[in-house]
Amino acid sequence: MLSDITIGQFFPGNSIIHRLDPRIKLVLLLSFIVFIFITGNYFSLSFIFIFVLSVVIMSGVALKMYLKSLKAIVYIVLFTSVINLLYGRGEPIAQLGILKVTVSGINNAVFVFIRIVSLILISSVLTYTTSPTQLTDGMERLMSPLKVFKIQVHEIAMMMTIALRFIPTLLDETEKIMNAQKARGASMDSGNVIQRIKAFIPVLVPLLVSSFRRAYELATAMECRCYHGGDGRTRMKSLHLKKADYISSAVCVIAFCGVVALNIILPAAER
Amino acid sequence: MDNFIEVKNVTFGYKDYDNNNILNETCVINNISFNVRKGEFLALLGHNGSGKSTLAKMFNGMITPDKGEILIEGIRSDDEDRKYEIRSKVGLVFQNPDNQIVASIVEEDVAFGPENLGVPPKEIRERVDEALKAVDMYEYRNFAPHKLSGGQKQRTAIAGIIAMQPDCIVLDEPTAMLDPKGRAEVMSTIKKLNKEKNITVILITHYMDEAAAADRVIVIDNGDLLIDDTPKKVFSHVKLLKEHGLDVPQSAEIAYMLKGGKENDELPINRHRCVEYIVELLNNN
Ligand SMILES: Nc1ncnc2c1ncn2[C@@H]1O[C@H](COP(=O)(O)OP(=O)(O)OP(=O)(O)O)[C@@H](O)[C@H]1O
Ligand SMILES: [Mg+2]
């Protein structure tokens, strides 16, 4: 159950996407999010969706893993789509009591569905193809101008590295503690919501205590390995923009222009 | 041989304030002196709470003595200006490999130490590859740590220390959380590093068979140095060790019992010698 969680997973590989600079990937991801949300008609929507799908395929990561990440949020997506479907404006095409389905409702539902799915897919591409260290390294470099405002960019990046590193470890531990409590007769999977939340407290408390112990030991181990903040620190994989980075940025810029053009030339979908 | 670490009359106690804000000072290390020679494989024994881990953290200056001094190649362990030099000379490996690994990819974790030392990227790459090969983890360089077995994780942690190119590694019960297979892997890695790379090894352990493989054994008891000798001699003091809550290797135990509990300064400490010992005993009777 807990092993289904795929946050922060990374699948080493050698695809074009893997080899891109993490900074480029981060910037492109952010612009993707913006462009996914400015799509105004079905042409631009399907255009960007196809683009996302090709990036997914190019990443060389098993499609199964993408399905897994979609599975985790499938209910949220369906729920929002259905809500959108029922709250459209204009003439109803079908009506059942107070529930009515309109053209704009259908449009909204499809748009929300495709947008969220694209969003999940493209963010999965980022985490699946970028090692957490590279990811946080990229963020650290992108955010480094914020140092002017006395924001501790290196510390934030290091915290994220460690958080990503410990997600699987803590999930493992949660599962172990849950089993231990079950073995003592605790019931985790029955009862109403309140009872279940209550049943989770005996899991959370030991988890919290052990996390503090881990944090203390990790800090000692890091100090023993000469960690002393970001000053004077070098990186094994230093970041350099390569030809592939420029080319892929150019391709994405063209695609984004395409989205804008389709939005302008063709009529907007009724919303 | 040269002395690598000199421990001179060291005394230490943790300072704790109790509920009434009264300072409680316990004496954890009590006026201990000994030397660690370069290239030596030293085992450190003692029952739970006898101060072994405390001593381990003193070797690289994480804890500084209250009285006395510790010299690492002549540098005082409390020399703030040379703190990182000391820590890169003496690497510490702890019991739980999960809590020592910082990065989510094996090779990136191994690079953590050299990165902190400001080594240039190209050299880090070389050091990382070399360290991973030294602990036989090179094929796993792209793995996520949580996909590794306990023994593999612990070897990754050792590689992370090796990459800093230390002269000495201190391992605090590195095999305590491992299964027999993982334990054997880690032990053979440690021995290999000691023999082939001539790295000084200080191994803290509760497994007497591991201590028997060392060049020298030091037994600590409640902060006092009890015995400091070769494993053969140390494990012949069966009665003394038992009195202080410690075991001896199984071979020595068997031989000791066959002798009817009489002390003998030449008990066998490995299986091979044990067999010879028993044969000899049978022939004599
Ligand atoms: N951070 C600390 N603060 C206060 N007291 C401590 C601290 N760490 C250890 N001690 C105490 O110091 C004594 C020696 O502890 P230490 O961890 O060095 O023993 P050890 O020989 O490593 O034991 P073990 O075999 O269980 O690992 C113990 O009595 C312990 O309770
Ligand atoms: Mg200890």
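Calculation notes
Residues numbered from 1 in each chain as written. Chains lettered and ligands numbered in written order. Predicted model: local features only at pLDDT ≥ 70, side-chain atom pairs only at ≥ 80, totals over all residues. Heavy atoms only, no water. Helix = DSSP H or I, 4+ residues; strand = E, 2+ residues; numbered from the N terminus. Buried < 20%, exposed > 50% of the residue type's maximum accessible area, 1.4 Å probe, protein only. Contact = heavy atoms within 4.5 Å. Areas by Shrake-Rupley, 256 points an atom, 1.4 Å probe, with all protein chains shown as cover. Disulfide = S-S within 2.5 Å. Expected span 1.5 Å × (residues − 1). Bend = angle between axes of the 7 residues up to and from the residue. Near = heavy atom within 4 Å. Polar contact = N/O pair within 3.5 Å; in protein donor to acceptor, adjacent residues only side chain to side chain. Nonpolar A, V, L, I, M, F, W, Y, C, P; charged D, E, K, R; others polar. Pairing = 2+ DSSP bridges. Core = buried A, V, L, I, M, F, W, Y, C linked by side-chain atoms within 4.5 Å. Axes fitted to C-alpha atoms, helices over the stretch in contact; angles between N-to-C directions. Patch = residues over 30% accessible without salt bridge, like charges linked within 9 Å, V, L, I, M, F, W, Y side chains within 5 Å. Salt bridge = Lys/Arg side-chain N within 4 Å of Asp/Glu carboxyl O. Buried area = accessible area lost by both parts, 1.4 Å probe.

*Asks:* Would you explain the overall build of chain B in this entry?
*Replies:* Helix and strand content of chain B: 12 helices and 12 strands. Evaluated residue by residue, chain B yields a buried proportion of 53% over its 285 residues. In chain B, 64% of the contacts between residues at least 6 apart in sequence involve partners at least 24 apart. Element-wise, carbon and sulfur atoms account for 46% of the exposed surface of chain B, whose accessible area totals about 12600 Å².

*Asks:* Help me out: how do you make sense of the state of the cysteines in this one?
*Replies:* In protein structure, a disulfide is the covalent linkage between the sulfur atoms of two cysteines. For the structure on display, the rule yields 0 disulfides over all chains. With no disulfide of its own, Cys257(A) lies 11 Å from the sulfur of Cys252(A), the closest cysteine sulfur.

*Asks:* Explain helix H9 (residues 193–224) of chain A to me, please; I cannot follow it from the model alone.
*Replies:* Given 3.6 residues to a turn, an α-helix orients residues that are three or four positions apart in the same direction. Residues and elements named next belong to chain A. Between its first and last C-alpha atoms H9 spans 45 Å; for 32 residues at 1.5 Å apiece the expected length is 46 Å, and the two agree. The largest bend in H9 amounts to roughly 30 degrees and is located at Pro 202. When H9 is considered as a whole, its buried residues turn out to be Ala 199, Val 203, Leu 207, Ser 210, Arg 214, Leu 218, Thr 220, Ala 221, Met 222 and Cys 224. One or two residues past the end of H9 sits Cys 226, with phi positive at roughly 65 degrees.

*Asks:* Would you mind going over helix H1 (residues 52–59) of chain B with me for this structure?
*Replies:* All names here are of chain B. By the criterion of burial, H1 is predominantly enclosed, with 7 of the 8 residues buried. For H1, every residue scored as buried is listed here: Lys 52, Thr 54, Leu 55, Ala 56, Lys 57, Met 58 and Phe 59. Backbone geometry just after H1 places Gly 61 at a positive phi near 80 degrees.

*Asks:* Would you explain the site of ligand 1 in this entry?
*Replies:* Residues and elements named next belong to chain B. Near ligand 1 lie 13 residues; those nearest to it are Asn 48, Gly 49, Lys 52, Ser 53 and Thr 54. Take Thr 54: an N or O atom from its side chain is 2.4 Å from an oxygen atom of ligand 1. In this structure, an oxygen atom belonging to ligand 1 sits 3.1 Å away from a side-chain N or O atom of Glu 173. Its free accessible area being 630 Å², ligand 1 has 62% of it covered by the protein chains. Residue contributions to the shell around ligand 1 peak at 3 residues, all from H1. Across the shell around ligand 1, the residue classes break down as 2 nonpolar, 8 polar and 3 charged.

*Asks:* Got a minute to help me understand the pairing of strand S12 (residues 224–229) of chain B in this structure?
*Replies:* For a regular strand, side-chain orientation follows a simple rule: the groups alternate between the two sheet faces. All names here are of chain B. Here 5 bridges tie strand S11 (residues 216–221) to S12, and the two strands are oriented antiparallel to one another. By the bridge assignment, Ile 218 is partnered in S12 with Asp 228. Between S11 and S12, which follow one another and run antiparallel, lie 2 residues, and Asn 222 among them has a positive phi close to 45 degrees.

*Asks:* What's the story with the nonpolar core in this structure? I'm lost.
*Replies:* Soluble, globular proteins show a tendency: their nonpolar side chains are buried together. Ranked by size, the top nonpolar core spans 53 residues in total, and within it Ile158(B), Ile190(B) and Phe235(B) carry the most contacts. No other element matches the 5 residues that helix H5 (residues 121–134) of chain B contributes to this core. Among the nonpolar cores identified, the runner-up in size contains 32 residues, and Cys224(A), Ile32(B), Ile70(B) and Ile86(B) belong to it.

*Asks:* Honestly, the sheet that holds S12(B) in this entry has me stumped. Any pointers?
*Replies:* Strands in a sheet are paired, the pairing made by backbone hydrogen bonds, and the direction either parallel or antiparallel. All names here are of chain B. The 6 strands lie next to each other as S8-S9-S10-S5-S11-S12, forming an open sheet whose pairing is mixed. A single partner strand is all that each edge strand has here, and the edge strands are strand S8 (90–93) and S12. Here the average twist between neighbouring strands, direction ignored, is 15 degrees. Here strand S9 (residues 168–172) pairs with strand S10 (residues 200–204) via 5 bridges, running parallel. Each bridged residue has a counterpart across the sheet, and for Asp 172 the counterpart in S10 is Ile 204. Helix H6 (residues 150–162) rests against S8 and S9 of the sheet, and its axis sits at about 165 degrees to S8.

*Asks:* Would you take a moment to explain a nonpolar patch on the surface for this structure?
*Replies:* Residues and elements named next belong to chain A. There is a patch of nonpolar side chains on the surface, built from Val 34, Ile 38, Val 260, Ile 264 and Ile 265 and spanning about 470 Å² of accessible area. Broken down by secondary-structure element, the contributors of at least two residues to the nonpolar patch are helix H2 (22–38) and helix H10 (243–265). If one sorts the elements of the nonpolar patch by residue count, H10 sits on top with 3 residues. By the element assignment, Ile 38 lies in helix H2. Accessibility expressed as a relative area gives 39% for Ile 38, which makes it partly exposed.

*Asks:* Any chance you could explain the interface of chain B and chain A here in plain terms?
*Replies:* Much of the literature gives interface size as the accessible area that the parts lose upon coming together. Listed as interface residues are 40 residues of chain B and, on the opposing side, 33 residues of chain A. A combined buried area of about 3200 Å² lies between chain B and chain A, and 56% of that area is made up of carbon and sulfur atoms. Among the residues of chain B in contact with chain A, Asn99(B), Glu115(B) and Asn116(B) are the three that bury the most area, contributing 21% of the side total. Linking chain B with chain A are 7 salt bridges. For the salt bridge of Glu115(B) with Arg233(A), the shortest nitrogen-to-oxygen distance reads 3.0 Å.

Distances and angles like these do not, on their own, reveal function.
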